[in-house]
Amino acid sequence: MSPSVRRRKLIEVDLPLDDINAESKREKSIRHGHPSTLHMYWARRPLAACRAVIFASLVDDPSAWPKVFPTEQDQIDEREHLHDVIRRMIEWEHTDERRPEAREVMREARFEVARSLARGRGEPAPTEPEDVLAYLRDHAPPLHDPFAGGGSIPLEAQRLGLRAAASDLNPVAVLINKALIELPPKFRDQPPVNPDADQKSMTIGKGRTAKRVAWRGAAGLADDIRYYGRWMRDEAYERIGHLYPPATLPDGTEATVIAWLWARTIPCPNPACGLRMPLMKTFQLSKKKGNEHWTRPVVDREAKTMAFVVQDHAEGVPDGGTVDRHGATCVACAATAPLAYVREQGKAGNIGEQMTAVVAEGYRKRVFLSPTDAHVDAAAAAKPDFNFVPEQKCPRPLTLSAVVGTESRIGANFSLIDS
Ligand SMILES: [Zn+2]
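These numbers come from a predicted model, not from an experiment. (Residues numbered from 1 in each chain as written. Predicted model: local features only at pLDDT ≥ 70, side-chain atom pairs only at ≥ 80, totals over all residues. Heavy atoms only, no water.)

**Examining the coordination of the zinc ion**
Within the protein, Cys 268 (SG), Cys 273 (SG), Cys 330 (SG) and Cys 333 (SG) serve as the donor atoms for the zinc ion, at 2.3 Å. Note that the zinc ion binds 4 donor atoms; their angles at the metal cover 100 to 114°, and the shape is tetrahedral. For the zinc ion, the single-chain donor residues occur in sequence as C-x4-C-x56-C-x2-C. Of the two residues, Cys 268 sits in the loop between β7 (257-267) and β8 (276-279) while Cys 333 sits in the loop between β12 (327-329) and β13 (336-338), which places them 65 residues apart along the sequence. Of the residues examined, Cys 333 reaches a relative accessible area of 23% and is grouped as partly exposed. (Donors = N, O, S within 2.8 Å, 3.2 Å for Na, K, Ca; no water. Tetrahedral: all angles 85-135°; square planar, octahedral: opposite > 155°, others 65-115°. Helix = DSSP H or I, 4+ residues; strand = E, 2+ residues; numbered from the N terminus. Buried < 20%, exposed > 50% of the residue type's maximum accessible area, 1.4 Å probe, protein only.)

**Considering a nonpolar patch on the surface**
On the surface, a cluster of nonpolar side chains totalling about 460 Å² of accessible area is made up of Val 193, Tyr 228, Trp 231 and Met 232. Counting through the fold element by element, Val 193 comes out in the loop between α7 (171-186) and β3 (202-204). (Patch = residues over 30% accessible without salt bridge, like charges linked within 9 Å, V, L, I, M, F, W, Y side chains within 5 Å. Areas by Shrake-Rupley, 256 points an atom, 1.4 Å probe, with all protein chains shown as cover. Salt bridge = Lys/Arg side-chain N within 4 Å of Asp/Glu carboxyl O.)

**Remarks on the packing of helix α6 (residues 152-159) against α7**
Close contact between α6 and α7 brings their axes to 9 Å; oriented N to C, the two are set at 20°. The angle between α6 and α7 places the two elements in the roughly parallel class. Pair α6 / α7 crosses with left-handed handedness. On α7, the residues touching Pro 154, Leu 155 and Gln 158 of α6 are Asn 177, Leu 180, Ile 181 and Pro 185. (Axes fitted to C-alpha atoms, helices over the stretch in contact; angles between N-to-C directions. Parallel < 35°, antiparallel > 145°, perpendicular 65-115°, else oblique. Left-handed = near helix turned anticlockwise from the far one by under 90°. Contact = heavy atoms within 4.5 Å.)

**A word on helix α4 (residues 100-121)**
A rise of 1.5 Å per residue sets the reference length of α4, with its 22 residues, at 32 Å; its end C-alpha atoms lie 31 Å apart and thus fit the reference within 8%. The set of residues buried in α4 consists of Ala 102, Val 105, Met 106, Ala 109, Arg 110, Glu 112, Val 113, Ala 114, Ser 116, Leu 117 and Ala 118. Next to the buried residues of α4 lie α2 (47-58), α3 (72-89), α5 (129-139) and α6. One or two residues past the end of α4 sits Gly 122, with phi positive at roughly 65°. (Expected span 1.5 Å × (residues − 1).)

**A short note on the domain arrangement of the protein chain**
On domain assignment, one finds that the protein chain holds domain 1 (10-186) and domain 2 (248-371). One C-alpha centre belongs to domain 1, the other to domain 2, and the line joining them spans 50 Å. (Domains from an automatic or database assignment.)

**Notes on the confidence of the model for the protein chain**
Low-confidence regions, as indicated by low pLDDT, have predicted coordinates that should not be scrutinised in detail. Summary statistics for the protein chain give a mean pLDDT of 88 and a share of 93% for residues scoring 70 or more. Per-element confidence in the protein chain ranges from a low mean pLDDT of 28 for helix α12 (residues 413-418) to a high of 98 for α3. Here residues 398-419 scores under 50 on pLDDT; set against residues more than four positions off or in separate chains, the count is 10 contacts. (pLDDT = per-residue confidence, 0-100.)

The structure is reproduced here in structure tokens:
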């Protein structure tokens, strides 16, 4: 076949879509070991679908090789074999190459990609796993995902043995991709460096089947990340843990606080009122059935202060919030403040804040509590005591055209941000 003839790829003919859909859906509920637990990202593509699509874009459809698969039945049989490879390689369990069966499946997938490449090049296909990887590195097309986002596509390209590159306009996406596809390969098969680790070997398997083997894959890197992650958590707890006091539950026991909720406040425009009015879209804290809660503003008109009391739906349901896109309403005197007034107060530095509720971790559910002085004081006490305090002004957000405009004079960005 001449090189100018484009061979049909499997993806152009047939895919086991139902299986790919089912496995992609199943992946959404997987928490342990999935890159989605590394960092949140919008519209993350399922790994199973990416793996199947990249594979099927590289492997020739058997109809492209009539000399190898002369009859229609031969082609159907071979296509079914390739579909079988896809069905096995998209299983979540087969992404963990510490498992022998997972290693076997991915070796088979890489071999099929190499075999298609080799047929096109008129060469015998490599068979040993290391040779297959080397062959893919040298001959398979590299994959570049210009808007890689959460990194599913370059990660799966790399898993299939391709050289993968990723880019994105969003620096968070770039960081996720660095952590996912750029850094781990650099530490492949290397032992961890933390003082607790046994540099010589790692344990695989559990119980009676457990055995010691040399560090392989990203296991050494993962061990270091766990060790130093723990160190950072403990160190942070030591230094700033006192700023996060536990909550006292109604039964007197203590619980970890998940969140302290706050509202922005501005001075009420009615001079006779004098309250700092809270800007809240809603008073509702939870609509979860059986655990509905809201926070009620209680105004002391004499003292011109306001407190928040957390209630459940047995004690009434909340009114709507106090702020929308037209402006804000005072909870004490019902005076209205147009949006222009709210903005004015913001520009004048008159925006304050008030704690509206404390959310704590109860037994298998969230517990909503009224703010206490201890929690408000802890927040007020949180002042940085380090010597270096950032003094620069916050950069104005750059418009896209400004970014493009600086391209031809790299290094000029700073003056652009400052001005
Ligand atoms: Zn008022």
